Amino acid sequence: MADVAALLIRWQDGDKSALDEMLPEVYDELRRLARIYLSRERPDHTLQPTELVHEAYMRLVAQHSVDWRNRAHFLGVAAQVIRRVLLHHAENRSAQKREGYSNRVTLDTALACLERDSTVDIQTLNRALERLAEVDARQGQIVELRVFGGLTVEETAEVMKLSAATVKRDWSVARLWLRKELS
Amino acid sequence: MTPPVPPGRWERVKEIVADALELPRGERADFVGRACAADVELRHDVETLLAADDPDTPFLTLERIPERAPERLGPYRIVREIGRGGMGTVYLAERDDGQFEQRVAVKIVRAGLDSEAVVRRFYAERQILARLQHPNITRLLDGGTFESKPYFVMEYIEGEPLVAYCGRTHRTLKERIALFLAVCDAVEHAHRNLILHRDLKAGNILVDAAGTPKLLDFGIAKLLEDGSAMEQTLLALRPMTPETASPEQIRGEPLTTASDVYSLGMLLFELLVGQPAYRVRNTSPAELVRTICEAAVPRPSVAAGAERARQLRGDLDNIVLKSLEKEPARRYQRASELAEDLRRYLSGLPVEARAGGAAYRARKFVGRHRKSLAIAAVVALAIAGAAGDAILQGRRASRRFEELRQLSGTFLFEFHDAIAPLPGATAARELVEKRALQYLDSLAREASGDTDLKLELAEGYARIGDAQGATFESNLGKTREAQDSYRKAAALFAEVARARPRDVKARDGLARARVRQATTYQGADRAMGLDLLQKTAADLEAAQQRQPLDGSAQVSLAMCYFGSSEREMQELKSDQALGTRLKANALLAAALREDPENREAERWLAQSLKRLGFLYLTRLHQPDKAAESLQQALAIDRKMLDRDPGSATAKADLALTQDYLSAVLWRTGDHAGGLRMLAGVVEARAALFAADARNYRIRYLLLSNYVVLGGWLRQEKREAEALAAFQSGAKVADGMDPLAVRDADAAALIARVRKEAGQR
């Protein structure tokens, strides 16, 4: 198993390949956790990214590292993973409709509630978010962390090394921008 | 598509919009007019963005509860925030109800952090503080919940960290040791209460105005006797303070009282020398591990300035170094041993600690041995405390023995079985369970050669297991205890089956005990459960080759398949799970055809059909097939309920089917129908729960219903009703002690419902 704590440090130090090595590991852990949540006697699931991401952090990083600055970086990675998974889920679902294929990937299923609760379509949101990132990369990342990673303003500030006030201002403007874009 | 925004322009737009958003709506237009002046295009961009601000339609509202300081908690008025830890915020508060004036510290779980793990930890800390009554430990004064978040009230120590205090007041060496001895006493008190502090450091010890050192922050302390594997894992993941963490803590190994001794040693070093033994800031984790686990600790006399060196050389050096041995077994095993040696030093007596060498190595074995003896003593004490019941000391006077046997073999279980289906029986069953277990354990010690007695005992343990935590039955939620009981039952049945190979009863009993044992395995142990099920099924299938199985054995085999299918479902092998599930159903249906009066086959067929529906719905995404299975289950449920209209079991069975059906309706777009059916389920389960508050399974299912109901209602924009559902759920969860809940899923539900109920 790749050591996520060590990879985070390499990534912090500017080694871009560390991120690619980390993603499958983080994805697997998120999926494993989702499976635990799904395996119970309950037909509906109320899993939130926040719970998943924090739990995954505890297991993958906190256990192996005494350097808790890693937490911020990990949360950032996890938000990216969740965004990709949700997108993948949405794409698969359209494919499913065409091919009658039944998709059974747990993390997707677990997070489907996020999609159901959300007032916008994930794919549309993702496209708009990509455009936002072109206009303002910082805002794009803030939205990714907050929406897909379930991070608070304070946590987002920690990840991005910004002040909470800046994150808050950027977030409120980014929300308006996306809303206008999607209307 | 929006036209591309020219560079530099966007920064301006962003600034103005962000500023405008911070103003009340009415003032924004004026502000924008002023800020944009004559720049028409800028103004246009700003106004277009601001026009999108519509508070009435939610958009990306993923905000969690904003941090809000309570104004008061009970009789305490919050003054200000004084600290923020990993999981809680600490406030200074004053008691101002006119009774008396008192300043206190209030620790409350941070909003957004009230996850299962954190809430659990929080309760653990509260519980730990409640156990400790010591002049050198902060006292727990009170506790409660605020907006569903737990908080507790502690003594407020207006003081200064120990090391800083000693420096500022120029304490002499002897005075420093005296203060340190008080800390040792506090730690020893915790150890005696089976608590490890695990984060002893200079910053966690404050000296108050009276000059008394006080130990605080039991935030990552651990109860030594807490056997819950999950709790251990979670605790193992807690951050620690690198400067004072022991090698075993850094390596993630089990901690003992000697680990706290190590941290005390670090503290003593700092007190005597005036600076910590290591500086570990800005080091990489790998380096940190190397330093703590391998690097030699400097001798205090060498690390300290020349004027102190003479005082420290010799005994004090040795005492500190003995506390800081890398290998726990070489250290003082308890805080009291360290304190004792220091007292000997103060009195001029020879100390235990010696410089490392040949003499030391000869004593090494004894040191190790002493440690295991200490552990054995703790265990023995715990057992003696828990098992004070005279019955356990009952000797084998034969009449008494027969009485016991009769009582445990017949009366208790007849009683148990008679009350099991009654609503409200769980409390009585719990009592029966406790008594019966005591009887059985005392009898089991006598049973060595007596096969009949073993059979009786095995049946007894199996029934107890059912009461403690049978999956799919009303139970006490004691999964782990149930697992133990089933294991004991299986072992005894196996012995009987070996002695009497043709005894169908023993074989059958063995199969059932194993099936039930297998279904109690959780988490990482699930694979073990699956192995057990497959082994049992193989045994029964082999027996079937020799002669057809009777109805009861058929049900046993079907239950093996039932359990295997559950496991496969958890492993995400949905197709395999479907195959196994269909095998179980076919076998149960056949048993029922052979004997339409086989109630057990009938009920398990209904249960298995429900799980088939669940599988179709949630894994295979075939709601039509799910509905079909569930309708079949519903027909059986209704028949059973008609036959026995008062049975709580029958009512609970029916509710489960309707629970799943409501999800089918919702997912197929019939939201109104789904909501209606779920409301019916909630009503039925609430009645069952009201009659039987100790029934863990009903409580858990009811709680999950409220969470789902709240979520659905929210999606339907029926906010008020959603909130009411979450609040009802919070009430159900209210008496649930997250510490006592060993099920991660249930703990997450509790945390979530509390959050939702307090949110709006």
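Cut-offs used in this document
Residues numbered from 1 in each chain as written. Chains lettered and ligands numbered in written order. Predicted model: local features only at pLDDT ≥ 70, side-chain atom pairs only at ≥ 80, totals over all residues. Heavy atoms only, no water. Helix = DSSP H or I, 4+ residues; strand = E, 2+ residues; numbered from the N terminus. Buried < 20%, exposed > 50% of the residue type's maximum accessible area, 1.4 Å probe, protein only. Areas by Shrake-Rupley, 256 points an atom, 1.4 Å probe, with all protein chains shown as cover. Contact = heavy atoms within 4.5 Å. pLDDT = per-residue confidence, 0-100. Pairing = 2+ DSSP bridges. Phe/Tyr/Trp six-rings, centres within 6.5 Å; stacked < 30°, edge-to-face > 60°. Axes fitted to C-alpha atoms, helices over the stretch in contact; angles between N-to-C directions. Parallel < 35°, antiparallel > 145°, perpendicular 65-115°, else oblique. Left-handed = near helix turned anticlockwise from the far one by under 90°. Nonpolar A, V, L, I, M, F, W, Y, C, P; charged D, E, K, R; others polar. Core = buried A, V, L, I, M, F, W, Y, C linked by side-chain atoms within 4.5 Å. Salt bridge = Lys/Arg side-chain N within 4 Å of Asp/Glu carboxyl O. Expected span 1.5 Å × (residues − 1). Polar contact = N/O pair within 3.5 Å; in protein donor to acceptor, adjacent residues only side chain to side chain.

### Notes on the overall build of chain A
On a plain count of helices and strands, chain A comes out with nine helices and zero strands. Helices and strands appear in chain A in the N-to-C order α-α-α-α-α-α-α-α-α. Expressed as a percentage of the 183 residues in chain A, the buried residues total 63%. Carbon and sulfur atoms provide 49% of the accessible area of chain A, an area that totals close to 7,300 Å².

### Focus on the overall build of chain B
Tallying secondary structure elements over chain B gives 30 helices and 11 strands in all. The burial tally for chain B puts 53% of its 760 residues in the buried class. Restricting to contacts in chain B with at least 6 residues of sequence separation, those with at least 24 account for 64%. Accessible surface, chain B: about 33,800 Å² in total, of which carbon and sulfur atoms supply 53%.

### Structural notes on the confidence of the model for chain A
Residue and element names in this part refer to chain A. Looking at chain A as a whole, the pLDDT averages 69, with 56% of positions reaching at least 70. Counted against residues more than four places away or in other chains, residues 39-46, with its pLDDT under 50, gives 42 contacts. A low-confidence stretch, residues 108-118 (pLDDT under 50), is modelled with 28 contacts involving residues beyond four sequence positions or located in other chains.

### What to know about the sheet that holds strand β10 (residues 213-215) of chain B
Ordered by their spatial adjacency, three strands build an open sheet running β7-β9-β10 (chain B), and the pairing between neighbours is antiparallel. Only two strands of the sheet have a single neighbouring strand rather than two, namely β7 (160-161) and β10 of chain B.

### A word on the packing of aromatic side chains
Residues and elements named next belong to chain B. Taken as a whole and judged by the stated rule, the model has three aromatic pairs over all chains. Judged by centre distance (5.3 Å) and plane angle (85°), the ring pair of phenylalanine 562 and tryptophan 604 falls under edge-to-face. With a gap of 42 residues between them, phenylalanine 562 in helix α22 (residues 551-570) and tryptophan 604 in helix α24 (residues 599-618) connect regions that are remote in the sequence. Assigned by exposure class, phenylalanine 562 and tryptophan 604 land together as buried. Ring plane angle 45° and centroid distance 5.3 Å describe the contact between phenylalanine 614 and tyrosine 660, whose orientation is recorded as tilted.

### Looking at the packing of helix α25 (residues 623-643) of chain B against helix α26 (residues 648-667) of chain B
Residues and elements named next belong to chain B. Orientation of α25 relative to α26, taken along the N-to-C sense of each, is 160°, at an axis distance of 9 Å. For the element pair α25 / α26, the angle class is roughly antiparallel. Here the hand of the crossing between α25 and α26 comes out left-handed. Side by side, α25 and α26 meet where Pro623, Ala626, Ala627, Leu630, Gln631, Ala633, Leu634, Asp637, Arg638, Met640 and Leu641 of the first sit next to Ala650, Lys651, Asp653, Leu654, Thr657, Gln658, Tyr660, Leu661 and Val664 of the second. Partitioned by chemical class, the residues of the contact of α25 with α26 number 13 nonpolar, three polar and four charged.

### Points about the nonpolar core
Counting residues in hydrophobic clusters, the biggest one holds 53 residues, and the most contacted among them are Val17(B) and Val46(B). If we skip the residues at most four places from it in the chain, Val46(B) touches Val13(B), Ile16(B), Val17(B), Val32(B) and Cys36(B).

### Some details on the pairing of strand β4 (residues 102-109) of chain B
Residues and elements named next belong to chain B. The buried count for β4 comes to six of eight residues, which makes it a mostly enclosed element. As paired strands, β4 and strand β6 (residues 149-155) are joined by five bridges and run antiparallel to one another. Among the inter-strand pairings, valine 104 is bridged to a residue of β6, identified as glutamate 155.

### Structural notes on the pattern of salt bridges
Under the counting rule described, the total for this entry stands at 46 salt bridges over all chains. The salt bridge partner of Arg330(B) is Glu325(B), with a shortest N-O separation of 3.7 Å. Glu459(B) is paired through a salt bridge with Lys505(B); the nearest N and O atoms lie 3.8 Å apart. Here the residue Glu459(B) occupies a position in helix α18 (residues 451-469), and Lys505(B) occupies one in helix α20 (residues 504-520), the gap between them amounting to 46 residues. Taking relative accessible area as the criterion, Glu459(B) reaches 24% and is therefore assigned partly exposed. Through salt bridges with shared partners, a single ionic network connects Asp136(A), Arg138(A), Asp170(A), Glu11(B) and Lys14(B).

### Quick notes on α24(B)
Between the first and last C-alpha of α24(B) there are 29 Å, a value that for 20 residues agrees with the 28 Å anticipated at 1.5 Å per step. For α24(B), the buried fraction is high: 18 of the 20 residues fall into the buried class.

### Examining the packing of helix α28 (residues 696-715) of chain B against helix α29 (residues 719-734) of chain B
Residues and elements named next belong to chain B. Direction vectors running N to C along α28 and α29 enclose 165°, while the axes themselves pass 8 Å from each other. As the angle between them shows, α28 and α29 are arranged roughly antiparallel. Where α28 crosses over α29, the handedness of that crossing is left-handed. Contact with α28, carried on its side by Arg699, Leu702, Leu703, Tyr706, Val707, Leu709, Gly710, Gly711, Leu713 and Arg714, involves Glu719, Glu721, Ala722, Ala725, Phe726, Ser728, Gly729, Val732 and Ala733 of α29 and no other residues of that element. Its residues placed into classes, the contact of α28 with α29 shows 11 nonpolar, four polar and four charged.

### What about α26(B)?
Residue and element names in this part refer to chain B. Along its 20 residues, α26 runs 29 Å from first to last C-alpha, staying within 8% of the 28 Å computed at 1.5 Å per residue. With 16 of 20 residues buried, α26 lies mostly within the body of the structure. The N-capping residue of α26, defined by a side-chain oxygen 3.3 Å from the backbone nitrogen of threonine 649, is serine 647. One or two positions beyond α26, positive phi appears at glycine 669, with a value near 100°.

### Structural notes on unusual backbone geometry
Residues and elements named next belong to chain B. Even without glycine at this site, alanine 37 takes up a positive phi of about 50°. Secondary-structure assignment places alanine 37 in the loop between α2 (25-36) and α3 (40-51). Residue alanine 37 is classed as exposed on the basis of its relative accessible area, which comes to 54%. Phi at histidine 170 is positive, roughly 50°, even though this residue is not glycine.

### Looking at the environment of Glu155(B)
Residues and elements named next belong to chain B. Here glutamate 155 is to be found in strand β6. The buried category is assigned to glutamate 155, whose relative accessible area is 17%. Taking C-alpha positions, glutamate 155 is 6.4 Å from leucine 140, a pair spaced 15 residues apart along the chain. Contact partners of glutamate 155, with chain neighbours within four places excluded, come to Ala105, Ile137, Thr138, Arg139, Leu141 and Lys214. Looking at glutamate 155, its side chain comes within polar contact range of the main-chain nitrogen of arginine 139, at 2.8 Å. Of the polar contacts made by the side chain of glutamate 155, one reaches the side chain of lysine 214; its length is 3.0 Å.

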